[in-house]
Amino acid sequence: MKDKRQFRDVYMDGSVLETKIDFHARYSSIPIDLPAAIMARTGIPNDIDLLDIGCGTGHLIEAFAQMGHAGRLFGLDLVRPSIADTPRKRYAAGDAEYLPFPDDTFDAITCVHTLSHITDLPDAMREAQRVMHEPGTYIATANSLHAYPHTADYRQRIHRDFGWGLPGFTTSRVNAENLEQTLLEYWESVSVDFLDGELRIPVDEYPTYFAANIPIWDHAPTTVEQVKIFRQVTEWAREDQRDGYIIEPKRVAVAVASTIA
């Protein structure tokens, strides 16, 4: 897993994350609407104060703001998204393990696909509990170990062919299958729902989607190796395509946790 400095460098200009978000927006034949799922679990829009840890490009905060949310919205990530603040919506660069907020600041905290990237989960959970009112709502999401099977298989083949050992996936530490048990180590009450969807990516565009994941790999390929990888993935995708598409099922767990049982 990359360290914080490396992640900061990867996501500095937002292009890596934006590419993946764009592919999901255009090619989700069965979409998963995480903002809607989180809204349903928090009652948004309402007047609660919410912190989104690992806010990425700010898409979740922006969705809530556009819905007319009346409470304060804060987005935090290692790299601050380049979005203007407003009186009710603010962004900051910061670390989940050292939240730059006073005690008892928020009514709810969201952590979307971020737990796997946090180095010290106990510290991050203590910080989340410190800055959240009690009772409060903590919502975390994680992808399934079995989501995106082509992408996972191709990466395993690449690691084997290049002699890099076993790859470290973002689901290796925290995933849909262990999310409930992971959170129960820190929270008194956890409930989990599963959302299923599907990506249907045109086979000729699939290598670009695959390449967008390379910058977060624990092993950084050289330029020459990346050319070989792109060529090989293009060949594999053409072998595995169905009616001109690579079809990737996806599953997301949405966990709602609380300090109150």
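Thresholds, definitions, all that
- Residues numbered from 1 in each chain as written.
- Predicted model: local features only at pLDDT ≥ 70, side-chain atom pairs only at ≥ 80, totals over all residues.
- Heavy atoms only, no water.
- Axes fitted to C-alpha atoms, helices over the stretch in contact; angles between N-to-C directions.
- Helix = DSSP H or I, 4+ residues; strand = E, 2+ residues; numbered from the N terminus.
- Parallel < 35°, antiparallel > 145°, perpendicular 65-115°, else oblique.
- Left-handed = near helix turned anticlockwise from the far one by under 90°.
- Contact = heavy atoms within 4.5 Å.
- Nonpolar A, V, L, I, M, F, W, Y, C, P; charged D, E, K, R; others polar.
- Salt bridge = Lys/Arg side-chain N within 4 Å of Asp/Glu carboxyl O.
- Buried < 20%, exposed > 50% of the residue type's maximum accessible area, 1.4 Å probe, protein only.
- Polar contact = N/O pair within 3.5 Å; in protein donor to acceptor, adjacent residues only side chain to side chain.
- Pairing = 2+ DSSP bridges.
- Core = buried A, V, L, I, M, F, W, Y, C linked by side-chain atoms within 4.5 Å.

## Considering the packing of helix 3 (residues 34-42) against helix 4 (residues 59-66)
Here comes step 1: At their nearest, the axes of helix 3 and helix 4 sit 10 Å apart, and the two run at 60 degrees to each other. The pairing of helix 3 with helix 4 is recorded here as oblique in orientation. Between helix 3 and helix 4 the crossing geometry is right-handed. Each of Pro35, Ile38 and Met39 in helix 3 lies in contact with helix 4, whose residues at this interface are Leu60, Ala63 and Phe64.
Here comes step 2: When its residues are assigned to classes, the contact of helix 3 with helix 4 shows six nonpolar, no polar and no charged.

## Description of the pattern of salt bridges
Here comes step 1: Applying the stated criterion across every chain, the model contains 14 salt bridges.
Here comes step 2: In this structure, the salt-bridge partner of aspartate 85 is arginine 80, at a minimum N-O distance of 2.8 Å.
Here comes step 3: Using a relative accessible area of 32% as the deciding quantity, one classes aspartate 85 as partly exposed.
Here comes step 4: A relative accessible area of 31% means that arginine 80 is categorised as partly exposed.
Here comes step 5: The closest approach of N and O atoms between arginine 130 and aspartate 103, which form a salt bridge, is 2.8 Å. Of the two residues, arginine 130 sits in helix 5 (residues 121-131) while aspartate 103 sits in the loop between strand 4 (89-93) and strand 5 (106-112), which places them 27 residues apart along the sequence.
Here comes step 6: Residue classification places arginine 130 among the partly exposed residues on the basis of a relative accessible area of 24%.
Here comes step 7: Overlapping salt bridges bring together Asp22, Arg26 and Glu205 as one network.

## A word on helix 3
Here comes step 1: Listing the buried residues of helix 3 in full gives Leu34, Ala37, Ile38, Met39 and Thr42.
Here comes step 2: Buried residues along helix 3 sit against helix 4, strand 5, strand 6 (132-143), strand 7 (189-202) and strand 8 (245-258).
Here comes step 3: One side-chain oxygen at the N-terminal end of helix 3 lies 3.1 Å from the backbone nitrogen of alanine 36; it belongs to aspartate 33.
Here comes step 4: Of the residues flanking the end of helix 3, it is glycine 43, one or two places downstream, whose phi is positive at about 80 degrees.

## Brief notes about the sheet that holds strand 5
Here comes step 1: The mixed open sheet is built from eight strands, whose spatial order is 1-7-8-6-5-2-3-4. Each edge of the sheet is formed by a strand with only one pairing partner; in this case those strands are strand 1 (28-30) and strand 4. For this sheet, the mean inter-axis angle between neighbouring strands, taken without regard to orientation, is 25 degrees.
Here comes step 2: Of the strands in this sheet, strand 2 (50-53), strand 5 and strand 6 touch helix 5, which is tilted by about 140 degrees from strand 6.
Here comes step 3: Along the sheet, helix 8 (residues 206-213) contacts strand 7 and strand 8; its crossing angle with strand 7, the most-contacted strand, is approximately 140 degrees.

## Concerning the nonpolar core
Here comes step 1: With 31 residues, the main nonpolar core has Leu51, Leu115, Tyr138, Leu179, Leu183 and Trp187 as its most contacted residues.
Here comes step 2: Contributing elements (two or more residues each) for this core: strand 2, strand 3 (73-77), strand 5, helix 5, strand 6, helix 7 (179-184), strand 7 and strand 8.
Here comes step 3: Sort the elements by how many residues they give to this core and helix 5 lands first, with five residues.
Here comes step 4: Leave out the neighbours within four places in its chain, and tryptophan 187 touches Met125, Ala128, Gln129, Met132, Tyr138, Ala257, Ser258 and Thr259.
Here comes step 5: Among the nonpolar cores identified, the runner-up in size contains 20 residues, and Trp164, Trp217, Ile229 and Val233 belong to it.

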